[in-house]
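Summary of the model geometry
Residue-level listing of the chains:
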Amino acid sequence: MQKKIKSKLSNHHYVADAAIVWCYDNRFWKSFGKLLEKEKLKHFDPIVIAGGAKSLASPAKKSEREFLLKQIELSIKLHRTPRVILMNHADCGAYGGLKTFGNDVEKEFSTHEKELGNAKKMIQKRFPKVRVDIIFVNFTGITFIK
Ligand SMILES: [Zn+2]
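First things first, this report covers the structure right here in the doc.

The next subject is the packing of aromatic side chains. Taken as a whole and judged by the stated rule, the model has five aromatic pairs. Between tryptophan 29 and phenylalanine 32, the ring centres sit 4.8 Å apart and the planes meet at 5°, which makes this aromatic pair stacked. Within this pair, tryptophan 29 and its partner phenylalanine 32 are both found in helix α1 (residues 29–38), separated by three residues, close to a single helical turn. Residues phenylalanine 32 and phenylalanine 44 carry aromatic rings whose centres are separated by 5.8 Å and whose planes lie at 70° to one another, so their mutual orientation is edge-to-face. Note that phenylalanine 32 is positioned in helix α1 and phenylalanine 44 in strand β2 (residues 44–48), a separation of 12 residues in sequence.

A contiguous nonpolar patch, built from Tyr24, Trp29 and Val48 and spanning about 310 Å² of accessible area, is present on the exposed surface. The residue tyrosine 24 is located in the loop between β1 (18–22) and α1 in this model. By relative accessible area, which is 54% here, tyrosine 24 ends up exposed.

Time to look at the pattern of salt bridges. Throughout the structure, instances matching the rule amount to seven salt bridges. Close ionic contact of aspartate 133 with arginine 83 constitutes a salt bridge, the shortest N to O distance being 2.7 Å. Of this pair, aspartate 133 sits in strand β4 (residues 131–137) while arginine 83 sits in strand β3 (residues 83–89); the two residues are 50 residues apart in sequence, bridging distant segments of the chain. The exposure class of aspartate 133 is buried, given its relative accessible area of 13%. Under the relative-accessibility criterion, arginine 83 is labelled buried at 7%. Through salt bridges with shared partners, one network takes in Glu39, Arg83, Arg131 and Asp133.

Here the focus is the coordination of the zinc ion. Distances from the zinc ion to its protein donors, namely Cys23 (SG), His89 (NE2) and Cys92 (SG), fall within the range 2.1 to 2.3 Å. With a relative accessible area of 2%, cysteine 92 lands in the buried category.

All right, on to the environment of lysine 120 then. Summarising the element assignment, lysine 120 is placed in helix α4 (residues 105–126). Spatially, the C-alpha atoms of lysine 120 and valine 84 are 9.0 Å apart, while their sequence positions differ by 36 residues. Look past the residues within four positions of lysine 120 in its chain and what remains in contact with it is Leu86, Val132 and Ile134.

Right, let's get into the sheet that holds β2. With mixed pairing, the five strands of this open sheet are ordered in space as β2-β1-β3-β4-β5. In the strand order of this sheet, the two ends are held by β2 and β5 (142–145), each with one partner. Geometrically, the sheet is characterised by an average inter-axis angle of 25° between neighbouring strands, direction not taken into account. Sitting on the sheet, α1 touches β1, β2, β3, β4 and β5, and the angle it makes with β1 is about 160°. The sheet strands contacting helix α3 (residues 62–79) are β1, β2 and β3, and the helix crosses β2 at an angle near 170°.

With that out of the way, let us pick up α3. With 18 residues, α3 should cover 26 Å at 1.5 Å per step; its first-to-last C-alpha distance of 26 Å lies within 8% of that length. Of all the positions in α3, only Leu68, Leu69, Ile72, Ser75 and His79 are classed as buried. Angularly, the buried residues of α3 cover 130° about the axis, an arc narrow enough to put them on a single face. Facing away from the buried side of α3 by more than 90 degrees, the exposed set consists of Lys62, Lys77 and Leu78. As for α3, its buried residues are in contact with β1, β2, α2 (54–57), β3 and α4. Looking one or two places after α3, you find arginine 80, whose phi comes out positive at around 45°.

Rules and cut-offs
Residues numbered from 1 in each chain as written. Predicted model: local features only at pLDDT ≥ 70, side-chain atom pairs only at ≥ 80, totals over all residues. Heavy atoms only, no water. Phe/Tyr/Trp six-rings, centres within 6.5 Å; stacked < 30°, edge-to-face > 60°. Helix = DSSP H or I, 4+ residues; strand = E, 2+ residues; numbered from the N terminus. Patch = residues over 30% accessible without salt bridge, like charges linked within 9 Å, V, L, I, M, F, W, Y side chains within 5 Å. Areas by Shrake-Rupley, 256 points an atom, 1.4 Å probe, with all protein chains shown as cover. Salt bridge = Lys/Arg side-chain N within 4 Å of Asp/Glu carboxyl O. Buried < 20%, exposed > 50% of the residue type's maximum accessible area, 1.4 Å probe, protein only. Donors = N, O, S within 2.8 Å, 3.2 Å for Na, K, Ca; no water. Contact = heavy atoms within 4.5 Å. Pairing = 2+ DSSP bridges. Axes fitted to C-alpha atoms, helices over the stretch in contact; angles between N-to-C directions. Expected span 1.5 Å × (residues − 1). Arc of directions from axis to C-beta.

Geometric values such as these leave the question of function open.
As structure tokens, this is what we get:
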């Protein structure tokens, strides 16, 4: 006998309020929910990968950047997504954790600020009509970076 879990879903297509590039570190998942709630994001396309925006700003391989840009492109094409939110977070393993910054949270923040700024420019260059927000998430909350 097959195991089956019932789940009744809407089959209607949607326009996404945002594509959200998020690191899969589970410690920050509660913040993801908070972001959805506070920004009133009803329909969204989560693009969940280790390091969040790192694959745009400082990928280990160029193919990582192209893969992520393609995912964003598809979100825009399939769900007419007008907004991209790029997230990086504190103590991210993809960046080597807080210890990489000598346990200096300000040094860590300024590095992520630069990384997210560079990633934002890449999105704006490739998709000029899309609004891009960059955020840094730590253990106390979510910071929108200008
Ligand atoms: Zn991470």
